[in-house]
Amino acid sequence: MGRPAWKTAAVAGACFVAAAVVSFSAAGQQLDAWAYDFLLRLRRPAAGPTTAVIVALDEETLRAHGNMARLRPPLAMALEAMAGAGARAVAVDLQLADRDKPEVDGRLSRALEALPNLALATTLVEDSRRNIAWEDPRREFSRRATLGHVHADPDLDGISRQVLLEQSDGRQRRWALALEAFRLANGAGQIVETEEDLRLGNLVIPASRRERRALRVRYLSPSVERISVSELIERPQTAARLRARAAHPWASGPPPGPAAARLHPPPPRPALKVGAR
């Protein structure tokens, strides 16, 4: 004798409710993240052509020219070497909100002003009263710059699987630094918004408002050329390798995950991205 229809419906309903509850829980969100990783391994995207170059504030650079607390002098020297490299945009992913020695900040300011289409990093900070606000670069560095946020959005296991293309402190919205760098490099004008996507010229980015303008990160096998900042400082002619390329310097350690995120426009013009992690 078959089970009564109402019992079958009750079991199905209970399963649906349980699945919904779990999906919104911390455990459910982590399971979803692991499923994303598994499916990405099964259908790993092929690494496409890239014009990127990583310019590394690596251990060699820190030993020769400073330390993690003294990144500005080697950064300024590297930017001076890059100034004539032919990049169409420069994005500096390094917090420049505090004051250093006048001679250090003066040299860095002059190096930044010599760069075209400049974008600088800004981040959200919380004060003692738990108010959230943007911590912007000092005015002497940002006079000619566009500002872009570098806020990370890691999952519960500490892995960033998406990049939020916009962030707000409740008063002012900022686009992601990488998006601003791409916009400047391609001369795309203003970003056009719809509820479902963002548009830069002919490029349509599927990042909806209801999903916080999130763009999924695709982690690809390391295939990006690296140049040490130390090499740029000691052999400035190395900067010729950056012509028509995009560069992303960062401090020692593994490259930041969001640097692996890909947009798929027509072949972009070169951009120069400078950063530290």
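Look up: the structure comes first, before these words.
Report on the accompanying structure. Numbers given for residues are sequential positions, taken from 1 along each chain in its written order. Local features are withheld for residues below a pLDDT of 70 in this predicted model, meaning they are given only at 70 or higher, and side-chain atom pairs are given and counted only at 80 or more; totals for whole chains, interfaces and linings count all residues. As a convention, hydrogens and water are excluded, and side-chain values are obtained from all of the structure's heavy atoms.

1. Digging into the overall build of the protein
Piece 1. In terms of regular secondary structure, the protein is built from 8 helices and 16 strands.
Piece 2. Only protein chains enter the accessibility calculation, which uses a 1.4 Å probe. A residue is then buried if its area is under 20% of the maximum for its type, exposed if over 50%, and partly exposed in between. Taken across its 277 residues, the protein has 42% of its residues classed as buried.
Piece 3. Working rule for contacts: check all heavy atoms of both residues, and any pair within 4.5 Å makes them a contact. When contacts within the protein are restricted to residue pairs at least 6 apart in sequence, long-range pairs at least 24 apart make up 73% of them.
Piece 4. On the protein, roughly 15300 Å² of surface is accessible, and the fraction owed to carbon and sulfur atoms is 55%. Helix and strand definitions follow DSSP, with helices as H or I runs of at least four residues and strands as E runs of at least two, each counted in order from the N terminus. Surface accessibility in these figures is a Shrake-Rupley result with a 1.4 Å probe; residues are shielded only by whichever protein chains are displayed.

2. Considerations on the sheet that holds strand β10 (residues 198-200)
Piece 1. A pair of strands counts as paired when DSSP detects no fewer than two bridges linking them. Strand order in this open sheet of 3 strands is β9-β10-β11, and the pairing throughout is antiparallel. At either end of the open sheet lies a strand with only one pairing partner, and these are β9 (192-193) and β11 (203-205).
Piece 2. Judged from the 3 bridges that link them, β10 and β11 form a sheet pairing that is antiparallel. Across the sheet, the residue bridging to Arg199 is Val204, located in β11.
Piece 3. Taken strand by strand, helix α7 (residues 177-186) contacts β10 and β11, and its axis lies near 30° from that of β10. Only the contacting stretch of a helix is used when fitting its axis, a line to C-alpha atoms as for every element, and angles between N-to-C directions run 0 to 180 degrees.

3. Here we look at the packing of aromatic side chains
Piece 1. Between rings of Phe, Tyr and Trp, where Trp is taken as its six-membered ring, a pair exists when centres lie within 6.5 Å; planes separated by under 30 degrees are stacked, by over 60 edge-to-face, and by other angles tilted. For the structure shown, the criterion picks out 0 aromatic pairs.
Piece 2. A ring has a charge above it when a Lys NZ or an Arg CZ is no more than 6 Å from the ring centre and no more than 35 degrees off the ring normal. Its end group placed over the ring of Trp175, Arg173 keeps NZ or CZ at 4.2 Å from the ring centre.

4. Let's talk about the pairing of strand β3 (residues 118-126)
Piece 1. Within β3, 7 of the 9 residues are buried, leaving the element largely enclosed by the surrounding structure.
Piece 2. By the bridge criterion, 3 bridges tie strand β2 (residues 90-93) to β3 in an arrangement that is parallel. For Ala91, the partnering residue across the bridge sits in β3 and is Ala119.
Piece 3. The path from the first strand over the helix to the second decides the hand: if it runs clockwise while the strands point away from the viewer, the crossover is right-handed. Taken together, β2, helix α5 (residues 102-113) and β3 form a β-α-β motif whose crossover is right-handed.
Piece 4. Bridge count between β3 and strand β5 (residues 145-149): 5 bridges; the pairing is parallel. Residue pairing for β5: Ala121 is matched across the bridge by Gly148.
Piece 5. The pairing of β3 with strand β4 (residues 132-135) spans 4 bridges and is classified as antiparallel. Across the sheet, residue Thr123 finds its bridge partner in β4, namely Glu135.
Piece 6. Taking the residues that link successive antiparallel strands as the turn, the β3-β4 hairpin has 5 residues, and the phi of Arg130 there is positive, at about 65°.

5. Notes on the pattern of salt bridges
Piece 1. What counts as a salt bridge is simple: a side-chain nitrogen of Lys or Arg found within 4 Å of a carboxyl oxygen of Asp or Glu. What the rule picks out here adds up to 18 salt bridges.
Piece 2. For Asp100, the salt bridge goes to Arg70, with nearest N and O atoms at 3.4 Å. Separated by 30 residues along the polypeptide, Asp100 in the loop between β2 and α5 and Arg70 in the loop between α3 (59-65) and α4 (72-82) bring together distant segments of the chain.
Piece 3. Note on Asp100: relative accessible area 22%, which makes it partly exposed.
Piece 4. Notably, a salt bridge pairs Glu193 with Arg209, separated by 3.6 Å at the nearest N-O pair. Taken together, the positions of Glu193 in strand β9 and Arg209 in the loop between β11 and β12 (214-216) put the pair 16 residues apart, joining distant regions of the chain.
Piece 5. Through salt bridges that share partners, Glu166, Arg173, Glu193, Glu195, Arg209 and Arg213 make up one connected network.

6. A few points about a nonpolar patch on the surface
Piece 1. Candidates for patches are residues over 30% relative accessible area with no salt bridge; among them, like charges are joined within 9 Å and nonpolar side chains (Val, Leu, Ile, Met, Phe, Trp, Tyr) within 5 Å. A cluster of nonpolar residues, Phe38, Leu39 and Leu42, forms a patch on the protein surface that exposes about 340 Å² of accessible area.
Piece 2. With respect to the secondary-structure elements, Phe38 resides in helix α2 (residues 26-42).

7. Notes on the nonpolar core
General note: in soluble globular proteins, nonpolar side chains tend to be found buried as a group.
Piece 1. Val92, Leu112 and Leu120 are the most contacted members of the largest nonpolar core, which totals 31 residues.
Piece 2. Listed by contribution, the elements that provide at least two residues to this core are β1 (52-57), α4, β2, α5, β3, β5 and α8 (229-234).
Piece 3. With 6 residues, α4 is the single largest residue contributor to this core.
Piece 4. If near-sequence neighbours (up to four positions away) are discounted, Leu112 is found in contact with Leu79, Val92, Leu96, Leu118, Leu120, Phe141 and Arg144.
Piece 5. Only buried residues count toward a nonpolar core, which is a set of Ala, Val, Leu, Ile, Met, Phe, Trp, Tyr and Cys residues joined through side-chain atoms within 4.5 Å. Grouped together as the second largest cluster of nonpolar side chains are 15 residues, Ala176, Leu198, Ile205 and Leu215 included.

8. Notes on the environment of Arg107
Piece 1. With respect to the element layout, Arg107 can be found in helix α5.
Piece 2. Considered as a pair, Arg107 and Arg72 are 35 residues apart in the sequence and their alpha carbons are 9.1 Å apart.
Piece 3. With near-sequence residues (within four places) excluded, Arg107 lies in contact with Ala76, Met77 and Glu80.

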